[in-house]
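# Tertiary structure, described
Each chain, written out:
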Amino acid sequence: MPTETKEIDLGDVAARTSGYETELKGEEMTLNMGPSHPATHGVLRLKLRLDGDYVTEADPVIGYLHRGDEKIAENMTYNQFVPYTDRLDYLAPLANNVCYAIAVEKLAGLKVPPRCEAIRVICCELARISSHLLGVGVYGMDTGAMTIFLYTFTQREKLYTLFEELTGARFTTSYTRIGGVTRDLPEGWLGRVSNFCNQFEPIIDEVDNLLTRNKIFLDRTKDIGVISQEDAIGYGFTGPNLRASGVDSDLRKDKPYSGYENYDFDVPIGSVGDCYDRYLIRMEELRQSVRIVRQVIDKMPDGPYYAEDAKKVHVPPKAKVLTSMEELIQNFMLVTEGPQMPEGEVYFEAENPKGILGFFIHSKGGGVPYRLKIRAPSFCSLSILPKILPGLMMSDIPVVLGSLDFVMGECDR
Amino acid sequence: MDAILTAKLLERFPFAEERASLDHPAIKVPADKLVEVCQVLMDEFGYSMLTDSTAIDWGEEVSPRFTGIYHLFKVSGGDWIRIAADCSDDAEPVLPSLVELFPIANWQERETYDMFGIRYENHPDMRRILMWDDYPYHPLRKEFPLAGHETELPAADVAKASGAKVIPAPMMGGPFHAPQTGEMSDREPRAADQSWTEKNEKPETVKD
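Predicted model only: the values in this text are computed from it and were never measured.

Looking only at helices and strands, one finds 18 helices and ten strands in chain A. Relative to the globule expectation of 22 Å for 413 residues, the C-alpha radius of gyration of chain A, 23 Å, shows essentially globular dimensions. Within chain A, the fraction of its 413 residues that count as buried is 61%. As presented, chain A carries roughly 15,300 Å² of accessible surface, and 54% of it is formed by carbon and sulfur atoms. Across chain A, 45 positive and 59 negative side-chain charges occur, with their mean positions spaced 4 Å apart.

Dropping the structure here:
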């Protein structure tokens, strides 16, 4: 594991700011950046203390988007909460769906068949590609490179078309169900995913050529916003942000879920932990995700896409509800009471594009969770801002924010 | 594997109790031992990351009412452990802060404070984080209704423009019911609106 880390040099700022009280007090200023600012990637307000162009103090204010997702979850049945998981990290809804479904399956003791697991892996990796495409594209814009965004967003559009064929929706997919997925793969869909991968790989290279060795980009990102290994762990960083700081941690390798152990892929690890490293990790993960998707397509097993004993959690097909008494009663009970879960506590975390998303469920039995807590990676990523922003220049803030790749829907919940 | 670890932990911490769990090893410790336990878990067992810290509210009539829940994560290898600690006071719940061990606890504890009203001792900056500073309630407490309470908004012009009133939340409460009258399409089972019950009066602002 590479261990080279760099601390931000704060010494100069301390020297510059000491004695300002009397002499140059007029030059210090407070600046409110946001809540709605192109560089804050959502409704995030930064209360900044500035000394000229340098940040001396930063206080992020979140909560503008707070919708009380946990409260909502505690007031509805397990099945009804699936669409709400889309709205957490709305750049990768499929990955959230999968994480929530697995968490509840753990509680219910359900085991899903291999085909369902394979479909979910494709979903997760396509969601990762889609999220990183936006992450990299907008990051390019934050550093002043407009073209990248056009390249990556075109690719995202293509992914949306694939999602639409699979789930019926382009943005809020709500694709998984507890114990399986909504429907089987459409005919010829895997072929189209394969075509997407084929045309996508040259685009990664193109973005790579445009950005990775670009002088302006390098100047703006190298050694900016360095986060040491120790800080990354202390502040609960996960996913690409943690790996960029040189920590080898990937749940897909360490604690494989949904059959990730069947696929070969590499986990990129950074060495410095600066903004540039975080970008490189995302670029490499795009390639690795394509690699995983290809393997899943090659190995796609046949069989049911739904767990055998999922009857107790999933509403029966509509045709049967209208013709068979048994299914009608089951449908009614599931809709009115919700799927009956055992008592107990589970905590499941999945490796999402932004880091690890976790669901903690305390069940007292019945169809409604007594307590559901969502562990959001973006929330943790943002909490480091008061620590790393001081000492940087005002113009570095968009770069640091972009490199953390957070999404406010998940941070505030 | 998990059972061995739990046994090891119980041996290491004689004051701890085992806690029922469907997956990860879980122990319950007294609140005043929490910092010590986390320190040992960090130094000796390698659980160096606090991935999640939250609380459970058992309802107004239960004592102890609040339980703090912590999930520690072993970064290399990926294992979790769950720690629970009861707050002794039901009206003014307090837990020790873990900020000195885990910087991330700063925000997580602020969130728990905001949502449940649990104060954290030795926390450097105990402010609300998701709701605004003067907000009088703690929304994740069980008695807080899904539709919310009518509250004065912090800015008069915002209040005037939005005309904020309590309106029933669409999926309010449960249990669910199927209306017996009306168009057939309206008779699907749905959540009962419980923004008012026998205990709570019907808000004036709510129209039938």
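There's more to say after this.
Moving on: the overall build of chain B. On a plain count of helices and strands, chain B comes out with four helices and nine strands. Listed by position from the N terminus, the elements making up chain B come as α-β-β-α-β-β-β-β-α-β-α-β-β. A burial count over chain B gives 47% of its 208 residues as buried. Contacts in chain B between residues at least 24 apart in sequence constitute 44% of all its contacts with a sequence separation of at least 6. Within the structure as shown, chain B displays about 10,900 Å² of accessible surface, and the carbon and sulfur contribution to it stands at 49%.

Taking the UniProt record as the reference, the feature "domain: NADH:ubiquinone oxidoreductase 30kDa subunit" (unreviewed entry) is found at residues 27–149 of chain B. Split by type, residues 27–149 of chain B is 20% helix and 28% strand. Its first and last C-alpha atoms lie 36 Å apart.

By size, the foremost hydrophobic cluster in this structure holds 175 residues, and its most contacted members are Ile62, Phe359 and Leu389 of chain A together with Leu41 and Ile83 of chain B. Broken down by element, the residue count for this core peaks at 13 residues, all from helix α5 (residues 114–142) of chain A. For Ile62 of chain A, the contacting residues outside a window of four places in its chain are Leu44, Phe379, Leu382, Met408, Cys411 and Asp412 of chain A together with Trp107, Ile129 and Leu130 of chain B. One finds Leu91, Val138, Phe149 and Val407 of chain A within the second-largest nonpolar core, a separate group that totals five residues.

Let's shift gears to the packing of aromatic side chains. A complete count under the given rule lists 25 aromatic pairs over all chains for this structure. Ring centres 6.1 Å apart and planes at 80° place the aromatic pair Tyr160 of chain A and Phe171 of chain A in the edge-to-face group. A residue pair is termed long-range when its members are at least 10 positions apart, and Tyr160 of chain A in helix α6 (residues 147–167) and Phe171 of chain A in the loop between α6 and β6 (176–177) qualify at eleven residues. We classify Tyr160 of chain A as buried; its relative accessible area is 10%. What makes Phe171 of chain A partly exposed here is its relative accessible area of 38%. With a centroid separation of 5.3 Å and an interplanar angle of 75°, the aromatic rings of Tyr257 of chain A and Tyr260 of chain A are classed as edge-to-face. Under the relative-accessibility criterion, Tyr257 of chain A is labelled buried at 6%. Overall, the relative accessible area of 1% leaves Tyr260 of chain A in the buried class. Here the aromatic residues Phe81, Tyr84, Tyr100 and Phe359 of chain A are joined through ring pairs into a cluster of three or more. Above the face of the Tyr260 of chain A ring, Arg252 of chain A is positioned so that its terminal group lies 5.9 Å from the ring centre. Against the face of Tyr370 of chain A rests Lys142 of chain B, its NZ or CZ located 4.1 Å from the ring centre.

Residues and elements named next belong to chain A. With their axes 7 Å apart at the nearest point, helix α4 (residues 93–108) and α5 run at an angle of 140° to one another. On the basis of the axis angle, α4 is oblique to α5. As α4 packs across α5, the resulting crossing turns out to be left-handed. Here Leu94, Ala95, Val98, Ala101, Ile102 and Glu105 of α4 come into contact with α5, specifically with Arg120, Cys123, Cys124 and Ala127. When the residues that make up the contact of α4 with α5 are grouped by side-chain class, the tally is eight nonpolar, no polar and two charged.

Right, let's get into the pattern of salt bridges. Within this structure, the stated rule accounts for 46 salt bridges over all chains. Notably, a salt bridge pairs Asp23 of chain B with Lys106 of chain A, separated by 3.0 Å at the nearest N-O pair. Here the residue Asp23 of chain B occupies a position in the loop between β1 (17–18) and β2 (26–28), and Lys106 of chain A occupies one in helix α4, the pair thus bridging two chains. With relative accessibility at 14%, the residue Asp23 of chain B sits in the buried group. A salt bridge links Arg287 of chain A to Asp205 of chain A; the nearest nitrogen and oxygen atoms lie 3.0 Å apart. On the criterion of sequence distance, the pair formed by Arg287 of chain A in helix α12 (residues 275–299) and Asp205 of chain A in helix α7 (residues 189–211) is long-range, its members being 82 residues apart. Residue classification places Arg287 of chain A among the partly exposed positions, given a relative accessible area of 23%.

Listed under "domain: NADH-quinone oxidoreductase subunit D" (unreviewed entry) in the UniProt record, and renumbered for this structure, are residues 142–413 of chain A. End C-alpha to end C-alpha, residues 142–413 of chain A measures 25 Å, and it is 49% helix and 12% strand.

On to the interface of chain A and chain B. If you look at the interface, chain A gives 53 residues, while chain B gives 49 residues. Between chain A and chain B the total buried area reaches about 4,200 Å² when both faces are included, carbon and sulfur atoms providing 62% of it. There are nine salt bridges connecting chain A and chain B. A salt bridge links Glu111 of chain B to Lys373 of chain A; its shortest N-O distance comes to 3.5 Å. There are 21 residue pairs in polar contact (both at pLDDT 80 or more) connecting chain A and chain B.

Attention now goes to helix α3 (residues 105–116) of chain B. All names here are of chain B. Its twelve residues give α3 an end-to-end C-alpha distance of 15 Å, which sits within 8% of 16 Å, the value for a rise of 1.5 Å per residue. Here α3 has its buried residues at Ala105, Asn106, Trp107, Gln108, Glu109, Arg110, Glu111, Thr112, Tyr113, Asp114, Met115 and Phe116. Looking one or two residues beyond α3, the residue adopting positive phi is Gly117, at roughly 80°.

The subject of this paragraph is unusual backbone geometry. The residue after Ser63 of chain B, namely Pro64 of chain B, is reached through a cis peptide bond having omega -5°. By the secondary structure assignment, Pro64 of chain B is in the loop between β3 (49–57) and β4 (66–74). The phi torsion at Ser174 of chain A lies on the positive side, around 45°, for a residue other than glycine. Within the secondary structure layout, Ser174 of chain A lies in the loop between α6 and β6. Residues other than glycine seldom take positive phi values, yet Asn122 of chain B does so here, at roughly 70°. You can see Asn122 of chain B is positioned in the loop between β7 (119–121) and α4 (156–162).

Whenever strands of a sheet pair, they do so through backbone hydrogen bonds, lying parallel or antiparallel. Residue and element names in this part refer to chain A. Across the sheet, three strands lie side by side as β8-β9-β10; this open sheet has antiparallel pairing. Two strands close off the open sheet at either side, each with one partner strand: β8 (341–352) and β10 (371–375). Strand-to-strand, the axes of this sheet are offset by a mean angle of 5°, without reference to chain direction. Sheet topology note: the β8/strand β9 (residues 355–366) ladder contains eleven bridges and is antiparallel. The residue of β9 that forms the bridge with Val346 is Ile361. The strands touched by α4 within the sheet are β8, β9 and β10, with β8 carrying the most contacts at an inclination of about 150°.

Conventions used here
- Residues numbered from 1 in each chain as written.
- Chains lettered and ligands numbered in written order.
- Predicted model: local features only at pLDDT ≥ 70, side-chain atom pairs only at ≥ 80, totals over all residues.
- Heavy atoms only, no water.
- Helix = DSSP H or I, 4+ residues; strand = E, 2+ residues; numbered from the N terminus.
- Rg over C-alpha atoms; globule rule 2.2 N^0.38 Å.
- Buried < 20%, exposed > 50% of the residue type's maximum accessible area, 1.4 Å probe, protein only.
- Areas by Shrake-Rupley, 256 points an atom, 1.4 Å probe, with all protein chains shown as cover.
- Lys, Arg positive; Asp, Glu negative; His and termini not counted.
- Charge placed at Lys NZ, Arg CZ, Asp CG, Glu CD.
- Contact = heavy atoms within 4.5 Å.
- UniProt positions renumbered as here; feature names shortened; annotations may be inferred.
- Core = buried A, V, L, I, M, F, W, Y, C linked by side-chain atoms within 4.5 Å.
- Phe/Tyr/Trp six-rings, centres within 6.5 Å; stacked < 30°, edge-to-face > 60°.
- Lys NZ or Arg CZ within 6 Å of the ring centre and 35° of its normal.
- Axes fitted to C-alpha atoms, helices over the stretch in contact; angles between N-to-C directions.
- Parallel < 35°, antiparallel > 145°, perpendicular 65-115°, else oblique.
- Left-handed = near helix turned anticlockwise from the far one by under 90°.
- Nonpolar A, V, L, I, M, F, W, Y, C, P; charged D, E, K, R; others polar.
- Salt bridge = Lys/Arg side-chain N within 4 Å of Asp/Glu carboxyl O.
- Buried area = accessible area lost by both parts, 1.4 Å probe.
- Polar contact = N/O pair within 3.5 Å; in protein donor to acceptor, adjacent residues only side chain to side chain.
- Expected span 1.5 Å × (residues − 1).
- Pairing = 2+ DSSP bridges.

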